[in-house]
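As a plain string of letters, each chain reads:
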Amino acid sequence: MKTYDAIVVGAGHNGLTTAAFLAKAGLNVVCVEKNDYIGGAAVSRNLYKDWMYSNCSYVCSLLRPEIYRSLELHKHGLQVTPYGGSLTFMENGDYYGSYHDEEVAYREMARFSRHDADAYKSYSANTMRQCRFIRDFLLSTAPDPTSFKPSDIRELLHIGGKFLEMGEDRMYETIRFWTMSVAEYLDEYFETDVIKASFSGSGIIGTALGIHSPGTAYVLLHHYMGDVDGNVGSWGFARGGMGAVSKSIAGAFQAAGGELRTEAGVDKIIVKNGKAVGVGLENGDEIAANVVVSAMDVKRTFLNCMDAGDLPEKFHRRVKNFKIRGSSGKLNIALDGLPTFPALPKGSSLIHSDMHFIDSMERMERAYDDWKDGTWSEDPYVDMLIPTLNDPTMAPPGKHFMSCFVQYCPHQIDGRRWTADEKEAFGKTVVEQIAKFSPDFKDLILHMEVRTPQDIEDEIGITEGNIFHGELTMDQLLFNRPVPGYAQYRSPVGGLYMCGSSTHPGGGVMAAPGANAAREILSDLKRPNTVPETFGDD
């Protein structure tokens with residue numbers, strides 16, 4: 001039986017990134033994927049006639065430019081186009097729009113509050129300062145604070161040095177920021193409810209926390225620290241849908257000689273004498289390798305695909321306690337034309353933005369209350385976009401694709417699987433909320449895919465459908481992610497590594513976990529490092 005240098009389990013964007021950098025270093029690598037398509041959650045799927053859905057992840061920003069350039073993803077077809085602003089519809093018939101143009105953005109905010117318009121400059125500067133601080137560590141391995149290895153000491157000194165550069169007052173602000181709720185953070189700058197509601201969505205998207213939960217200020221930061229064409233905080237669409245990201249990384253992997261196998265789900269990671277030696281597939285086949293790399297989430301890797309006896313009891317217990325809760329649903333809708341929104345002026349650029357339908361902080365928190373009660377939000381927070389306004393390749397001429405990301409939606413209803421009727425009712429709740437602001441919207445619906453966290457788990461394999469592979473709270477970040485003592489992509493089992501979003505620096509279509517894992521594997525194998533270092537920020 002052939003023995004590979006490395007097996008990567010899971011052809012999501014992180015698994016493909018690890019595989020690509022290992023193959024680039026000359027290793028004989030196979031990447032195995034359970035589905036008949038690649039991409040995991042970064043996927044484009046043709047589910048209705050000539051429409052292409054980004055049916056899980058739906059916007060691009062966090063993908064590290066260093067990885068894009070190093071793997072030459074442009075040669076493999078990846079194009080990202082920015083989109084502009086955001087929009088919050090109000091129950092009184094008004095709306096609040098957020099624009100990239102600074103002068104227009106100021107005038108719009110001043111329409112509600114001159115105080116808030118003046119405060120925005122400080123808010124933006126302070127938030128970007130936090131972004132630039134953390135961005136410097138995205139493409140580096142989190143140091144082990146208990147280690148005396150030179151590499152760990154250097155990284156700790158680097159982090160400490162960057163922290164000291166902030167000055168005393170900003171050091172205090174940073175410590176507070178990482179533990180604050182997004183509501184508390186916004187209260188320090190703004191007085192207008194709709195403005196705070198507009199910004200607070202970035203603090204709860206993808207997480208099982210509410211706007212008043214400690215740690216959600218960092219979740220907001222996590223959504224702000226990406227860029228498109230060097231513009232920090234900007235978001236864009238991958239042409240052809242988010243599957244274009246995975247397809248381009250797979251192209252780089254295969255160009256380097258890598259082997260990609262679909263319909264090859266892993267049932268078990270095989271361990272002999274304390275070392276991973278291969279994987280057993282769901283069809284009964286086995287594949288041998290010197291190194292096994294899991295792009296699956298930490299729970300699926302160690303609780304589902306391994307025997308507890310092969311793991312230290314303390315590690316096994318901590319993995320069981322790792323917080324990875326489903327809280328997000330998704331609707332993907334094929335439209336017969338472009339819906340109208342009477343509240344917007346004719347020709348408004350905001351039609352190209354992401355649209356929201358909750359205009360107060362109280363409504364935001366009440367949406368979370370429903371999730372805590374074990375059901376979907378009756379008045380949900382919806383992040384809605386129409387990507388075909390920027391990328392016409394995703395639908396036939398004159399038709400459109402609508403993407404709706406929904407908070408909150410539980411993994412199970414009252415501790416059991418969703419029924420078909422409940423799933424239909426969840427979808428109807430979202431449709432009715434949008435229809436309040438678009439009278440012709442429902443008549444334009446040709447097809448709709450409704451996805452709960454349970455659906456996402458069943459199809460992609462992410463535990464509870466959690467898009468970040470685990471909550472982004474302080475107890476699960478940096479050297480604590482996923483488990484203290486194992487934050488450097490290695491596991492307690494020899495030859496077994498982790499490269500998914502359960503590892504530093506976390507979730508989103510970033511590819512940093514995959515790149516960082518590849519660097520550590522190549523170091524252990526004493527192979528040349530093919531992984532780029534961070535460019536840093538100006």
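Residues numbered from 1 in each chain as written. Predicted model: local features only at pLDDT ≥ 70, side-chain atom pairs only at ≥ 80, totals over all residues. Heavy atoms only, no water.

Colleague: Honestly, the packing of helix α3 (residues 102-110) against helix α4 (residues 114-135) in this entry has me stumped. Any pointers?
Modeller: A pair of packed helices is characterised by two quantities: the angle between their axes and the separation of those axes. Running from N to C, α3 and α4 point in directions that differ by 145°, and their axes come no closer than 7 Å. Contact with α3, carried on its side by Tyr-106, Met-109 and Ala-110, involves Arg-114, Asp-116, Ala-117, Asp-118 and Tyr-120 of α4 and no other residues of that element. Residues belonging to the contact of α3 with α4 are distributed by class as follows: five nonpolar, no polar and three charged. (Axes fitted to C-alpha atoms, helices over the stretch in contact; angles between N-to-C directions. Helix = DSSP H or I, 4+ residues; strand = E, 2+ residues; numbered from the N terminus. Contact = heavy atoms within 4.5 Å. Nonpolar A, V, L, I, M, F, W, Y, C, P; charged D, E, K, R; others polar.)

Colleague: Looking at this structure, I do not really get the nonpolar core. What am I missing?
Modeller: The nonpolar side chains of a soluble globular protein tend to be buried, and buried together. Core analysis: the biggest nonpolar cluster contains 103 residues, and Val-29, Tyr-123, Phe-190, Phe-199 and Val-245 have the highest contact counts within it. Ignoring any residue separated from it by four or fewer positions in sequence, one finds Phe-190 in contact with Met-109, Asp-116, Ala-119, Tyr-120, Tyr-123, Ile-195, Lys-196 and Phe-199. The next biggest cluster of nonpolar side chains, apart from the first, holds 31 residues, and it includes Ile-333, Ile-351, Ala-435 and Val-450. (Core = buried A, V, L, I, M, F, W, Y, C linked by side-chain atoms within 4.5 Å. Buried < 20%, exposed > 50% of the residue type's maximum accessible area, 1.4 Å probe, protein only.)

Colleague: Would you take a moment to explain unusual backbone geometry for this structure?
Modeller: Negative phi is the rule for most residues except glycine; trans is the rule for most peptide bonds. The step from Arg-481 to Pro-482 runs through a cis peptide bond, and the omega angle for that step is 0°. With respect to the element layout, Pro-482 can be found in the loop between α15 (453-460) and β20 (496-498). Of the consecutive residues His-504 and Pro-505, the connecting peptide bond is found in the cis state with omega at 5°. Structurally, the position occupied by Pro-505 is in the loop between β20 and α16 (512-524). The backbone of Glu-72 sits at a positive phi, close to 50°, despite the residue not being glycine. Not every positive phi belongs to a glycine, and Glu-464 is a case in point at roughly 55°. Residue placement: Glu-464 occurs in the loop between α15 and β20.

Colleague: How do you make sense of the packing of aromatic side chains when you look at a structure like this?
Modeller: Aromatic ring pairs are reported here in terms of the distance separating the ring centres and the angle at which the planes meet. Under the criterion given, the structure shown has 28 aromatic pairs. Residues Tyr-83 and Phe-237 carry aromatic rings whose centres are separated by 4.8 Å and whose planes lie at 25° to one another, so their mutual orientation is stacked. Note that Tyr-83 is positioned in the loop between β5 (80-82) and β6 (86-89) and Phe-237 in strand β10 (residues 236-238), a separation of 154 residues in sequence. Taking the centre distance of 4.9 Å and the plane angle of 85° together, the rings of Phe-302 and Phe-315 count as edge-to-face. Here Phe-302 is found in helix α11 (residues 298-304), whereas its partner Phe-315 is found in helix α12 (residues 313-321), with 13 residues between them in sequence. Across this residue pair, the class does not change: Phe-302 and Phe-315 are buried. Over the face of the ring belonging to Tyr-95 we find Arg-111, whose NZ or CZ atom lies 5.5 Å from the ring centre. (Phe/Tyr/Trp six-rings, centres within 6.5 Å; stacked < 30°, edge-to-face > 60°. Lys NZ or Arg CZ within 6 Å of the ring centre and 35° of its normal.)

Colleague: What am I meant to see in helix α10 (residues 243-255) here?
Modeller: In an α-helix, one turn spans 3.6 residues; hence positions three or four apart end up facing the same way. If you check α10, its first and last C-alpha atoms are 18 Å apart, about what 13 residues at 1.5 Å a residue would give, namely 18 Å. Summarising burial for α10: 10 of the 13 residues are buried, a large majority. Along α10, the residues classified as buried are Gly-243, Ala-244, Val-245, Ser-246, Ser-248, Ile-249, Ala-250, Gly-251, Ala-252 and Phe-253. If you follow the buried residues of α10, they end up packed against α1 (13-24), β2 (29-32), β10 and β11 (259-261). Downstream of α10 by one or two residues, Gly-257 has phi in the positive range, about 100°. (Expected span 1.5 Å × (residues − 1).)

Colleague: Which parts of the structure should I look at to understand the pattern of salt bridges?
Modeller: Working definition: two side chains of opposite charge can pair if their charged atoms are close together. Counted according to the given criterion, the structure contains 30 salt bridges. A salt bridge links Arg-317 to Glu-313; the nearest nitrogen and oxygen atoms lie 2.9 Å apart. Here Arg-317 and its partner Glu-313 are both found in helix α12, four residues apart, which amounts to about one turn of the helix. The exposure class of Glu-313 is exposed, given its relative accessible area of 56%. A salt bridge links Glu-520 to Arg-490, with the nearest nitrogen and oxygen atoms 2.8 Å apart. Of this pair, Glu-520 sits in helix α16 while Arg-490 sits in the loop between α15 and β20; the two residues are 30 residues apart in sequence, bridging distant segments of the chain. Residue classification places Arg-490 among the partly exposed positions, given a relative accessible area of 23%. Overlapping salt bridges bring together Arg-45, Glu-449, Arg-451 and Glu-459 as one network. (Salt bridge = Lys/Arg side-chain N within 4 Å of Asp/Glu carboxyl O.)

Colleague: What is the right way to read the environment of Thr-375 from this model?
Modeller: Following the sequence through the fold, Thr-375 ends up in the loop between α13 (361-372) and β17 (381-385). Along the chain, Thr-375 and Pro-410 lie 35 residues apart, while their C-alpha atoms are 6.1 Å from each other. Leave out the neighbours within four places in its chain, and Thr-375 touches Asp-370, Pro-410 and Ile-413.

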